[in-house]
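# Working through the structure, step by step
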Amino acid sequence: MPALASHRKPRTRVRTSSSAVGLTTAALASVTLLSTQSATAAPAEPKPSIEEVQKKVDDLYRQAGTATQQYNKAKTASTQQRSKVDALLEAAAKRADKLNETRRELGNYAAAQYRSGAIAPTATFFLADDPQSYFDQDQLMARMTSQQQKAVADFRTQQSEAATKRVEATKSLQTLTESQTTLRTSKQQVQNKLAEARTMLSELTAEEKARLAELERKKEAEARRKAEELAREQAAAAKAEADRAAEEASKEETGTGTGTGTGSDSSYASKADKVLAFARDQIGKPYVWGATGPSSYDCSGLTQAAWKAAGVDLPRTTWDQVEVGTRVATADLKPGDLVFFYDDISHVGIYKGDGMMIHAPKPGANVREESIYYMPIYGSVRPA
(Lines give C-alpha, C1' and ligand atoms only; values in the text may rest on other atoms or scores of the structure.)
Protein backbone atom coordinates (compact mmCIF):
# COMPACT_ATOMS: atom_id res chain seq x y z
CA MET A 1 0.00 0.00 0.00
CA PRO A 2 1.51 3.22 -1.02
CA ALA A 3 2.59 5.58 1.67
CA LEU A 4 0.23 8.42 2.16
CA ALA A 5 1.65 11.93 1.90
CA SER A 6 1.69 13.80 5.12
CA HIS A 7 -1.02 16.43 5.33
CA ARG A 8 0.51 18.14 8.32
CA LYS A 9 1.37 21.78 7.68
CA PRO A 10 5.11 22.15 7.58
CA ARG A 11 6.54 23.98 10.57
CA THR A 12 7.89 27.40 9.62
CA ARG A 13 11.31 28.09 11.02
CA VAL A 14 11.75 31.38 12.71
CA ARG A 15 15.02 33.09 11.47
CA THR A 16 16.90 34.95 14.07
CA SER A 17 18.18 38.46 13.26
CA SER A 18 21.85 37.46 13.68
CA SER A 19 23.02 39.54 10.72
CA ALA A 20 21.27 42.60 12.07
CA VAL A 21 22.77 42.02 15.47
CA GLY A 22 26.21 41.62 13.90
CA LEU A 23 25.79 44.81 11.90
CA THR A 24 24.70 46.74 14.95
CA THR A 25 27.65 45.43 16.91
CA ALA A 26 30.05 46.45 14.15
CA ALA A 27 28.52 49.92 14.00
CA LEU A 28 28.85 50.34 17.74
CA ALA A 29 32.44 49.21 17.54
CA SER A 30 33.14 51.73 14.79
CA VAL A 31 31.60 54.54 16.77
CA THR A 32 33.63 53.56 19.81
CA LEU A 33 36.84 53.40 17.73
CA LEU A 34 36.19 56.79 16.12
CA SER A 35 35.44 58.28 19.51
CA THR A 36 38.68 56.88 20.87
CA GLN A 37 40.67 58.15 17.88
CA SER A 38 39.10 61.59 18.18
CA ALA A 39 39.99 61.70 21.83
CA THR A 40 43.61 60.68 21.26
CA ALA A 41 44.23 62.63 18.01
CA ALA A 42 46.66 65.55 18.28
CA PRO A 43 44.89 68.91 18.35
CA ALA A 44 45.20 71.05 15.22
CA GLU A 45 48.05 73.56 15.30
CA PRO A 46 46.82 76.97 16.36
CA LYS A 47 46.91 79.70 13.76
CA PRO A 48 50.02 81.85 14.18
CA SER A 49 49.57 85.32 15.61
CA ILE A 50 50.11 88.39 13.47
CA GLU A 51 53.35 89.04 15.34
CA GLU A 52 54.53 85.53 14.48
CA VAL A 53 53.53 86.01 10.84
CA GLN A 54 55.44 89.30 10.71
CA LYS A 55 58.54 87.67 12.19
CA LYS A 56 58.28 84.70 9.84
CA VAL A 57 57.82 86.85 6.73
CA ASP A 58 60.70 89.13 7.73
CA ASP A 59 62.87 86.07 8.28
CA LEU A 60 61.91 84.64 4.88
CA TYR A 61 62.83 87.91 3.19
CA ARG A 62 66.14 87.92 5.05
CA GLN A 63 66.81 84.33 3.94
CA ALA A 64 65.93 85.36 0.39
CA GLY A 65 68.43 88.19 0.75
CA THR A 66 71.12 85.74 1.82
CA ALA A 67 70.31 83.46 -1.10
CA THR A 68 70.44 86.50 -3.40
CA GLN A 69 73.99 87.24 -2.28
CA GLN A 70 74.89 83.59 -2.88
CA TYR A 71 73.38 83.93 -6.35
CA ASN A 72 75.36 87.14 -6.99
CA LYS A 73 78.58 85.48 -5.86
CA ALA A 74 77.98 82.41 -8.02
CA LYS A 75 77.07 84.58 -11.02
CA THR A 76 80.26 86.62 -10.65
CA ALA A 77 82.34 83.46 -10.32
CA SER A 78 80.60 81.91 -13.32
CA THR A 79 81.21 84.98 -15.48
CA GLN A 80 84.88 85.14 -14.49
CA GLN A 81 85.34 81.43 -15.03
CA ARG A 82 83.68 81.61 -18.44
CA SER A 83 86.18 84.29 -19.50
CA LYS A 84 89.04 82.15 -18.22
CA VAL A 85 87.75 79.07 -20.04
CA ASP A 86 87.34 81.02 -23.28
CA ALA A 87 90.91 82.33 -23.00
CA LEU A 88 92.28 78.85 -22.29
CA LEU A 89 90.36 77.31 -25.18
CA GLU A 90 91.66 80.02 -27.50
CA ALA A 91 95.22 79.44 -26.27
CA ALA A 92 94.81 75.68 -26.74
CA ALA A 93 93.56 76.23 -30.30
CA LYS A 94 96.59 78.40 -31.09
CA ARG A 95 98.91 75.76 -29.65
CA ALA A 96 97.21 73.15 -31.80
CA ASP A 97 97.69 75.32 -34.91
CA LYS A 98 101.39 75.74 -34.18
CA LEU A 99 101.69 72.03 -33.50
CA ASN A 100 100.08 71.20 -36.85
CA GLU A 101 102.34 73.69 -38.63
CA THR A 102 105.44 72.09 -37.12
CA ARG A 103 104.08 68.65 -37.97
CA ARG A 104 103.71 69.71 -41.63
CA GLU A 105 107.25 71.08 -41.62
CA LEU A 106 108.59 67.77 -40.31
CA GLY A 107 106.60 65.96 -42.98
CA ASN A 108 108.21 68.12 -45.67
CA TYR A 109 111.67 67.31 -44.34
CA ALA A 110 110.87 63.61 -44.29
CA ALA A 111 109.57 63.72 -47.88
CA ALA A 112 112.66 65.61 -49.08
CA GLN A 113 114.96 63.10 -47.43
CA TYR A 114 113.01 60.22 -48.98
CA ARG A 115 113.30 61.75 -52.46
CA SER A 116 117.05 62.40 -52.14
CA GLY A 117 117.79 58.91 -50.86
CA ALA A 118 120.39 57.89 -48.29
CA ILE A 119 123.72 58.07 -50.30
CA ALA A 120 127.11 58.04 -48.58
CA PRO A 121 129.08 61.33 -48.73
CA THR A 122 132.06 59.73 -50.58
CA ALA A 123 129.85 58.26 -53.29
CA THR A 124 128.05 61.55 -53.64
CA PHE A 125 131.43 63.29 -54.14
CA PHE A 126 132.59 60.93 -56.87
CA LEU A 127 129.22 60.96 -58.63
CA ALA A 128 128.86 64.72 -58.55
CA ASP A 129 129.30 66.47 -61.91
CA ASP A 130 131.15 69.31 -60.24
CA PRO A 131 133.14 68.87 -56.97
CA GLN A 132 132.28 72.46 -56.01
CA SER A 133 128.59 71.73 -56.38
CA TYR A 134 129.04 68.76 -54.03
CA PHE A 135 130.50 70.96 -51.32
CA ASP A 136 127.68 73.51 -51.76
CA GLN A 137 125.05 70.74 -51.55
CA ASP A 138 126.74 69.12 -48.54
CA GLN A 139 126.74 72.43 -46.68
CA LEU A 140 123.03 72.91 -47.50
CA MET A 141 122.19 69.42 -46.22
CA ALA A 142 124.08 70.15 -42.99
CA ARG A 143 121.97 73.29 -42.49
CA MET A 144 118.80 71.32 -43.24
CA THR A 145 119.76 68.77 -40.61
CA SER A 146 120.13 71.54 -38.04
CA GLN A 147 116.72 72.92 -39.02
CA GLN A 148 115.23 69.46 -38.78
CA GLN A 149 116.60 69.04 -35.25
CA LYS A 150 115.16 72.38 -34.24
CA ALA A 151 111.82 71.49 -35.82
CA VAL A 152 111.71 68.23 -33.86
CA ALA A 153 112.58 70.05 -30.62
CA ASP A 154 109.90 72.68 -31.32
CA PHE A 155 107.37 69.97 -32.08
CA ARG A 156 108.00 68.25 -28.75
CA THR A 157 107.78 71.54 -26.83
CA GLN A 158 104.58 72.57 -28.56
CA GLN A 159 103.09 69.13 -28.07
CA SER A 160 103.75 69.36 -24.33
CA GLU A 161 102.38 72.93 -24.11
CA ALA A 162 99.26 71.98 -26.06
CA ALA A 163 98.62 69.06 -23.69
CA THR A 164 99.07 71.37 -20.67
CA LYS A 165 96.58 73.89 -22.08
CA ARG A 166 94.06 71.13 -22.73
CA VAL A 167 94.33 69.97 -19.10
CA GLU A 168 93.93 73.54 -17.82
CA ALA A 169 90.90 74.09 -20.04
CA THR A 170 89.32 70.84 -18.84
CA LYS A 171 89.78 71.80 -15.17
CA SER A 172 88.39 75.27 -15.80
CA LEU A 173 85.35 73.78 -17.51
CA GLN A 174 84.75 71.60 -14.43
CA THR A 175 84.97 74.67 -12.18
CA LEU A 176 82.59 76.53 -14.49
CA THR A 177 80.10 73.66 -14.27
CA GLU A 178 80.27 73.78 -10.46
CA SER A 179 79.71 77.56 -10.46
CA GLN A 180 76.70 77.18 -12.75
CA THR A 181 75.27 74.48 -10.48
CA THR A 182 75.63 76.77 -7.46
CA LEU A 183 74.01 79.54 -9.49
CA ARG A 184 70.96 77.41 -10.27
CA THR A 185 70.68 76.23 -6.65
CA SER A 186 70.86 79.78 -5.27
CA LYS A 187 68.27 80.97 -7.76
CA GLN A 188 65.87 78.21 -6.71
CA GLN A 189 66.42 79.04 -3.03
CA VAL A 190 65.53 82.68 -3.61
CA GLN A 191 62.38 81.73 -5.51
CA ASN A 192 61.31 79.23 -2.83
CA LYS A 193 61.72 81.71 0.04
CA LEU A 194 59.83 84.45 -1.78
CA ALA A 195 57.03 82.05 -2.76
CA GLU A 196 56.66 80.95 0.87
CA ALA A 197 56.48 84.57 2.05
CA ARG A 198 53.87 85.45 -0.59
CA THR A 199 51.80 82.42 0.37
CA MET A 200 51.77 83.39 4.06
CA LEU A 201 50.70 86.94 3.23
CA SER A 202 48.00 85.81 0.80
CA GLU A 203 46.35 83.65 3.48
CA LEU A 204 45.75 86.60 5.82
CA THR A 205 42.29 88.06 6.17
CA ALA A 206 41.65 91.74 5.53
CA GLU A 207 41.60 92.37 9.29
CA GLU A 208 44.87 90.51 9.76
CA LYS A 209 46.50 92.47 6.93
CA ALA A 210 45.40 95.71 8.60
CA ARG A 211 46.90 94.60 11.92
CA LEU A 212 50.12 93.59 10.13
CA ALA A 213 50.28 97.03 8.49
CA GLU A 214 49.86 98.64 11.91
CA LEU A 215 52.75 96.60 13.28
CA GLU A 216 54.89 97.78 10.36
CA ARG A 217 53.98 101.40 11.09
CA LYS A 218 54.99 100.99 14.72
CA LYS A 219 58.26 99.37 13.68
CA GLU A 220 59.00 102.22 11.26
CA ALA A 221 58.12 104.85 13.88
CA GLU A 222 60.52 103.32 16.40
CA ALA A 223 63.24 103.16 13.76
CA ARG A 224 62.68 106.85 12.92
CA ARG A 225 62.84 107.78 16.61
CA LYS A 226 66.25 106.12 16.90
CA ALA A 227 67.40 107.81 13.71
CA GLU A 228 66.38 111.23 15.08
CA GLU A 229 68.27 110.46 18.28
CA LEU A 230 71.40 109.61 16.28
CA ALA A 231 70.94 112.78 14.22
CA ARG A 232 70.92 114.89 17.40
CA GLU A 233 74.04 113.15 18.68
CA GLN A 234 75.84 113.65 15.38
CA ALA A 235 74.77 117.29 15.21
CA ALA A 236 76.17 117.87 18.70
CA ALA A 237 79.43 116.13 17.74
CA ALA A 238 79.65 118.20 14.54
CA LYS A 239 79.14 121.43 16.50
CA ALA A 240 81.86 120.45 18.93
CA GLU A 241 84.18 119.69 16.02
CA ALA A 242 83.34 123.05 14.40
CA ASP A 243 84.06 124.86 17.65
CA ARG A 244 87.37 123.03 17.95
CA ALA A 245 88.26 123.93 14.37
CA ALA A 246 87.38 127.59 14.98
CA GLU A 247 89.54 127.63 18.09
CA GLU A 248 92.37 126.02 16.14
CA ALA A 249 92.02 128.63 13.40
CA SER A 250 92.18 131.36 16.00
CA LYS A 251 95.38 129.91 17.38
CA GLU A 252 96.87 129.77 13.89
CA GLU A 253 96.23 133.47 13.45
CA THR A 254 98.23 134.16 16.60
CA GLY A 255 100.91 131.71 15.53
CA THR A 256 100.22 129.11 18.21
CA GLY A 257 98.11 126.66 16.21
CA THR A 258 99.23 123.22 14.99
CA GLY A 259 97.39 123.41 11.64
CA THR A 260 95.44 120.23 10.77
CA GLY A 261 94.61 119.51 7.13
CA THR A 262 91.18 118.41 5.92
CA GLY A 263 92.10 117.39 2.38
CA SER A 264 91.17 113.75 2.91
CA ASP A 265 87.76 114.63 4.39
CA SER A 266 87.09 117.00 1.50
CA SER A 267 87.97 114.33 -1.07
CA TYR A 268 85.65 111.77 0.55
CA ALA A 269 82.82 114.30 0.84
CA SER A 270 83.13 115.05 -2.88
CA LYS A 271 82.81 111.37 -3.74
CA ALA A 272 79.96 110.89 -1.28
CA ASP A 273 78.02 113.73 -2.95
CA LYS A 274 78.21 111.86 -6.26
CA VAL A 275 77.21 108.59 -4.60
CA LEU A 276 74.14 110.11 -2.96
CA ALA A 277 73.15 112.06 -6.08
CA PHE A 278 73.12 108.79 -8.01
CA ALA A 279 71.25 106.95 -5.24
CA ARG A 280 68.56 109.64 -5.02
CA ASP A 281 67.97 109.35 -8.76
CA GLN A 282 67.16 105.65 -8.29
CA ILE A 283 64.47 106.22 -5.64
CA GLY A 284 61.21 104.65 -6.79
CA LYS A 285 62.84 101.96 -8.93
CA PRO A 286 61.88 98.39 -7.99
CA TYR A 287 63.95 95.93 -6.03
CA VAL A 288 64.72 92.87 -8.17
CA TRP A 289 67.03 90.21 -6.79
CA GLY A 290 70.22 89.84 -8.81
CA ALA A 291 69.70 93.21 -10.56
CA THR A 292 72.43 95.84 -10.99
CA GLY A 293 70.50 98.55 -12.83
CA PRO A 294 69.68 100.71 -14.52
CA SER A 295 65.94 99.99 -14.23
CA SER A 296 66.04 97.88 -11.04
CA TYR A 297 68.45 96.87 -8.28
CA ASP A 298 69.05 94.54 -5.41
CA CYS A 299 70.72 96.02 -2.30
CA SER A 300 74.37 95.41 -3.21
CA GLY A 301 73.69 96.15 -6.87
CA LEU A 302 72.56 99.66 -5.86
CA THR A 303 75.58 100.34 -3.62
CA GLN A 304 77.95 99.05 -6.30
CA ALA A 305 76.39 101.23 -9.01
CA ALA A 306 76.27 104.33 -6.75
CA TRP A 307 79.95 104.16 -5.83
CA LYS A 308 80.89 103.43 -9.43
CA ALA A 309 79.31 106.79 -10.28
CA ALA A 310 81.93 108.30 -7.97
CA GLY A 311 84.74 106.41 -9.70
CA VAL A 312 85.12 103.65 -7.11
CA ASP A 313 84.71 99.99 -8.08
CA LEU A 314 83.11 97.86 -5.37
CA PRO A 315 82.78 94.06 -5.50
CA ARG A 316 79.36 92.57 -6.20
CA THR A 317 78.24 91.01 -2.91
CA THR A 318 77.61 92.41 0.56
CA TRP A 319 80.10 89.87 1.91
CA ASP A 320 82.87 91.36 -0.22
CA GLN A 321 81.78 94.99 0.07
CA VAL A 322 82.03 94.87 3.86
CA GLU A 323 85.74 94.08 3.48
CA VAL A 324 86.44 97.23 1.43
CA GLY A 325 87.64 100.46 3.01
CA THR A 326 87.68 101.38 6.69
CA ARG A 327 85.34 100.20 9.43
CA VAL A 328 83.46 102.99 11.20
CA ALA A 329 81.23 103.07 14.29
CA THR A 330 77.55 103.90 13.89
CA ALA A 331 78.03 107.15 15.83
CA ASP A 332 80.77 108.20 13.39
CA LEU A 333 78.84 107.55 10.16
CA LYS A 334 79.19 110.06 7.33
CA PRO A 335 77.10 110.44 4.18
CA GLY A 336 78.20 107.86 1.59
CA ASP A 337 79.23 105.22 4.13
CA LEU A 338 77.84 101.72 3.68
CA VAL A 339 75.75 100.24 6.49
CA PHE A 340 75.38 96.44 6.66
CA PHE A 341 72.63 94.49 8.37
CA TYR A 342 71.95 91.13 10.03
CA ASP A 343 74.50 88.69 11.40
CA ASP A 344 74.89 87.08 7.99
CA ILE A 345 75.57 90.49 6.34
CA SER A 346 72.80 89.90 3.81
CA HIS A 347 71.72 93.54 3.33
CA VAL A 348 73.38 96.92 2.77
CA GLY A 349 72.33 100.56 2.40
CA ILE A 350 73.98 103.94 1.72
CA TYR A 351 74.05 106.32 4.68
CA LYS A 352 72.68 109.77 3.77
CA GLY A 353 72.93 111.45 7.16
CA ASP A 354 70.59 112.05 10.13
CA GLY A 355 70.29 108.33 10.82
CA MET A 356 68.76 107.66 7.39
CA MET A 357 69.88 105.62 4.40
CA ILE A 358 68.93 104.97 0.78
CA HIS A 359 68.57 101.29 -0.04
CA ALA A 360 66.82 98.69 -2.17
CA PRO A 361 64.79 96.98 0.58
CA LYS A 362 63.23 93.71 -0.61
CA PRO A 363 61.05 92.13 -3.32
CA GLY A 364 57.81 94.04 -3.78
CA ALA A 365 59.36 97.31 -2.57
CA ASN A 366 61.10 100.19 -4.34
CA VAL A 367 64.38 101.96 -3.66
CA ARG A 368 63.66 104.39 -0.83
CA GLU A 369 64.94 106.35 2.15
CA GLU A 370 64.61 104.62 5.50
CA SER A 371 66.01 104.65 9.01
CA ILE A 372 69.16 102.58 9.47
CA TYR A 373 67.48 101.18 12.61
CA TYR A 374 64.74 99.44 10.65
CA MET A 375 66.94 96.32 10.64
CA PRO A 376 69.59 95.09 13.08
CA ILE A 377 72.92 96.74 12.19
CA TYR A 378 75.95 94.51 11.60
CA GLY A 379 78.51 97.25 10.98
CA SER A 380 79.59 100.01 8.61
CA VAL A 381 82.48 100.85 6.28
CA ARG A 382 83.85 103.90 4.51
CA PRO A 383 84.71 102.60 1.03
CA ALA A 384 87.22 105.29 -0.06
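Residues numbered from 1 in each chain as written. Predicted model: local features only at pLDDT ≥ 70, side-chain atom pairs only at ≥ 80, totals over all residues. Heavy atoms only, no water.

## Structural notes on the nonpolar core
One broad trend across soluble globular proteins is that nonpolar side chains are buried collectively. Spelled out, the test is: Residues enter a nonpolar core if they are buried and are Ala, Val, Leu, Ile, Met, Phe, Trp, Tyr or Cys, with the set joined through side-chain atoms within 4.5 Å. Accessibility here uses a 1.4 Å probe with only protein chains present; expressed as a share of the type maximum, an area under 20% marks a residue as buried, one over 50% as exposed, and anything in between as partly exposed. A run of DSSP states H or I qualifies as a helix once it reaches four residues; a run of E qualifies as a strand once it reaches two. Both are numbered from the N-terminal end.
Counting residues in hydrophobic clusters, the biggest one holds 43 residues, and the most contacted among them are Leu194, Val275, Trp289, Trp307, Leu338, Phe340 and Ile350. No other element matches the nine residues that helix H2 (residues 50-116) contributes to this core. Counting residues in each nonpolar core, the second largest holds twelve residues, with Leu230, Leu333, Phe341 and Ile372 among its members.

## Some points on the packing of aromatic side chains
Quick note on the threshold: What counts as a ring pair is set by centres within 6.5 Å for rings of Phe, Tyr and Trp (its six-membered ring), and what kind of pair is set by the plane angle: stacked under 30 degrees, edge-to-face over 60, tilted for all other angles. Only Lys NZ and Arg CZ are tested; either one counts as a charge over a ring when it is within 6 Å of the ring centre and within 35 degrees of the ring normal.
In total, this model carries two aromatic pairs according to the counting rule given. Ring geometry for Tyr71 against Trp289: centres 4.9 Å apart, planes inclined by 80°, an arrangement best described as edge-to-face. Separated by 218 residues along the polypeptide, Tyr71 in helix H2 and Trp289 in the loop between helix H6 (263-281) and helix H7 (299-308) bring together distant segments of the chain. Ring geometry for Tyr268 and Trp307: centres 5.8 Å apart, planes at 35°, overall tilted. One end of the pair, Tyr268, is in helix H6; the other, Trp307, is in helix H7, and 39 residues separate them in sequence. Since its relative accessible area comes to 0%, Trp307 is described here as buried. The lysine or arginine in question, Lys219, covers the ring of Tyr374, its NZ or CZ lying 4.4 Å from the ring centre. Across from the ring centre of Tyr268, 5.6 Å away, lies the NZ or CZ of Arg382, which sits over that ring.

## Regarding the sheet that holds strand E2 (residues 338-341)
The condition is simple: Strand pairing is assigned whenever DSSP detects at least two bridges linking the two strands. The axes are straight lines fitted to the C-alpha atoms, using for helices just the contacting stretch, and the angles between their N-to-C directions are given from 0 to 180°. A contact between two residues is defined here by any heavy atoms of the two lying within 4.5 Å.
Strand order in this open sheet of six strands is E1-E6-E2-E3-E4-E5, and the pairing throughout is antiparallel. Each end of this open sheet is capped by a strand with a single partner; those strands are strand E1 (326-328) and strand E5 (368-371). Each adjacent strand pair in this sheet contributes to an overall mean axis angle of 40°, direction not counted. Two elements, strand E3 (residues 347-353) and strand E4 (residues 356-359), share three bridges in a ladder whose sense is antiparallel. Considered in E4, the bridge of Gly353 is made with Met356. The strands touched by H7 are E2, E3 and E4; relative to E3, the strand with the most contacts, the crossing angle is about 45°.

## Remarks on the confidence of the model for the protein
We count it as follows: pLDDT measures the predictor's confidence residue by residue and takes values from 0 up to 100.
On average, residues of the protein carry a pLDDT of 80, and 72% of them reach 70 or more. Under a pLDDT of 50 for its full length, residues 1-39 has, in the predicted model, zero contacts with residues more than four places off or in other chains.

## Structural notes on the side chain of Gln321
We apply this condition: Distance and chemistry together define a polar contact, namely a pair of N or O atoms within 3.5 Å, with one atom able to donate a hydrogen and the other to accept it when in protein, and with adjacent residues in sequence counting only for side-chain atoms on both sides.
Residue position: Gln321 is located in helix H8 (residues 318-321). Taking relative accessible area as the criterion, Gln321 reaches 0% and is therefore assigned buried. There is a polar contact of 3.2 Å between the side chain of Gln321 and the backbone oxygen of Ser300. Polar side-chain contacts of Gln321 include one of 3.0 Å to the backbone oxygen of Pro315. When neighbours within four sequence positions are excluded, Gln321 is seen to be in contact with Ser300, Thr303, Gln304, Leu314, Pro315, Arg316, Leu338, Phe340, Val348 and Val381.

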